[in-house]
Amino acid sequence: MAIQILPTHAFSGQRPGTSGLRKKVTVFMQPMYLENFVQALFDVLNGVAADGSVGTALHGHTLVLGGDGRFYNRQAVQTILKLAAANGVQRVLLGQGGILSTPAVSAVIRGRQAFGGIVLSASHNPGGPDGDFGIKYNASNGGPANETLTEAVYARTQVLTQVRRSDAPDINIDTLGTCQVEQMQVDVIDPVADYAAVMRSLFDFEMLRGMFQKGFTMRVDAMNAVGGPYAKAILEGELGAPAGTVVNGSPLEDFGGLHPDPNPVNAEDLINHMMAADAPDFGAAMDGDADRNMVLGRKFVVSPSDSLALMTAHARLIPGYKEGLLGVARSMPTSAAVDRVAKAMGLDCYETPTGWKFFGNLLDAGRVTLCGEESYGTGSSHVREKDGLWAILFWLSLQGATGRSVESLVREHWRTYGRNYYSRHDYEAIQTAVADALITDLRAALPALQGQTFGKRAVTVADDFAYTDPVDGSVSARQGIRIIFDDGARVIFRLSGTGTEGATLRIYLENYEADVLQQDRAAQEALSDLIALAEQLSGVRGRTGMARPTVAT
Ligand code: G1P
Ligand code: ZN
């Protein structure tokens, strides 16, 4: 076995987006494409000096590696192992079969004090040969790399001329145990064990076991993605939920054709089961890499923003949070439902740009315990990623501890705090130039919007959201156009950073309703005037020729 030096070159667009580098599988399969990015990552981790020479900071350290099992996962694992061995990595902790959910990677990095980890996933994007693939680096805190590091990696991808790779043969990634690639040790580990231990430390497993013994029913749709093995081991294995509680529970390379995005549109089968006469008590779904969650009661869908607010309100019922919360954080487009709870409880509430990486500093600094996004992501300080199964166990525990149904918990919440009606409208695969022009025009119109009235509402804030990180002082500008009204309503426009085809415009709509009698409307109806206003301000339908959003959740 020997280290080979192979020529490479700059590829266009190897700049990581909201959550890592995400591209079509066909793009990733180009010769040297993955190698170029991974070599750039290793160079940056090793340290690149001003004269271009590469240091050895990574040498002698351990990396965690695993992915969501989608098409190209297994091949990518073998490639990365050969590069790691040639770039000084001492040891890799590899999930068996190349499998590790995103929250599990975070748990393993933290639990075993690894240098960092590589997650192979395109999250909720479709998989298979025509689908998407992705790669993301997480640092030693278990969380997504910060912008300084991802920018440095991108810069490095553009100047690289050589890749260092071992010519060692592929290893067996399916059998637990230890083997070598060159001088590097590879430990093939159980993907679930470390993660399950963290869950045991947070939740009252005895109480949860008791719920299932008494006949509590639940349906978890793992959408043929990586959450299946975790949900089966914990819910059916440890907690005694009946076999079949977890459906679509084996990871498939193409997710069985499903779009593993847990929202009412893509998890339609789960919705149908939860709306049926014989619906179980509780329903939930996770996405491709098991960091997202959707939770439902019988005939009742919980909006992710409400989920974060309820978790905050009831956190003390969960053993892991019984001492209370340090604070909470939400991404800017997420509804302000949690703000009301935080205010009532005297908790600090932070508003960050979209993307989990912004929560990391707040969690590390001990400023917040819970965080969440409108995009079906919720999590806590137990790892540095959002965590689908954790959220499901949290909601299961809330039902067990209160003896109440999902619907009754949410309705009680609205009675106490009012309801933040919420919806996100996505216009997908629009031409990049059209999307950019729309945002540029909106940005230009902002000063004139200030103070204007629309019907009974007056604009109090019209800006492009900028965030100064309270921990390290770094500034992230242009994070989304916000139009906020005096009654708490908000219309927000931003372009997706995770799409892989053209541009995706997201329009976030929120309307606060304190009046209990007004709280029983369908969200789209309660938001209809804001939907019209968003069209008036942006002209998205005229500009794109799309009569309606691709997805409205
Ligand atoms: C989307 C979500 C965002 C989430 C990210 C990764 O990013 O909107 O909340 O953090 O996926 O799961 P976007 O495509 O909007 O940039
Ligand atoms: Zn995900």
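This report concerns the structure included in the present document. (Residues numbered from 1 in each chain as written. Chains lettered and ligands numbered in written order. Predicted model: local features only at pLDDT ≥ 70, side-chain atom pairs only at ≥ 80, totals over all residues. Heavy atoms only, no water.)

Turning next to the side chain of Asp 291. Here Asp 291 shows up in the loop between strand 12 (282–286) and strand 13 (293–297). Among buried charged residues, Asp 291 stands out as having no salt bridge; its nearest opposite-charge side chain is Lys 386, 4.1 Å away. Look past the residues within four positions of Asp 291 in its chain and what remains in contact with it is Thr 102, Pro 103, Ser 123, Tyr 376, Lys 386, Asp 387 and Gly 388. (Helix = DSSP H or I, 4+ residues; strand = E, 2+ residues; numbered from the N terminus. Buried < 20%, exposed > 50% of the residue type's maximum accessible area, 1.4 Å probe, protein only. Lys, Arg positive; Asp, Glu negative; His and termini not counted. Salt bridge = Lys/Arg side-chain N within 4 Å of Asp/Glu carboxyl O. Contact = heavy atoms within 4.5 Å.)

Before going further, it helps to examine the coordination of the zinc ion (ligand 2). Summarising the metal site, the zinc ion (ligand 2) is bound by the protein donors Ser 123 (OG), Asp 287 (OD), Asp 289 (OD) and Asp 291 (OD), whose distances to it range over 2.0 to 2.1 Å. Coordination geometry of the zinc ion (ligand 2): the four donor atoms subtend angles of 88 to 163° at the metal centre, consistent with an arrangement described as irregular. One chain supplies every donor for the zinc ion (ligand 2), spaced along it as S-x163-D-x1-D-x1-D. (Donors = N, O, S within 2.8 Å, 3.2 Å for Na, K, Ca; no water. Tetrahedral: all angles 85-135°; square planar, octahedral: opposite > 155°, others 65-115°.)

An ideal rise of 1.5 Å per residue puts 26 Å on 18 residues; helix 15 (residues 432–449) measures up with 25 Å between its terminal C-alpha atoms. Along helix 15, the residues that are buried comprise Ala 435, Leu 438, Ile 439, Leu 442, Leu 446 and Leu 449. (Expected span 1.5 Å × (residues − 1).)

With that settled, the discussion passes to unusual backbone geometry. The backbone phi angle of Ser 123 is positive, close to 50°, even though this residue is not glycine. Inspection of the secondary structure assignment puts Ser 123 in the loop between strand 5 (116–120) and strand 6 (132–138). Phi at Met 223 is positive, roughly 55°, even though this residue is not glycine. Checked against the element boundaries, Met 223 lands in the loop between strand 10 (218–221) and helix 8 (227–238). Met 223 gets classed as buried once you look at its relative accessible area, which sits at 1%.

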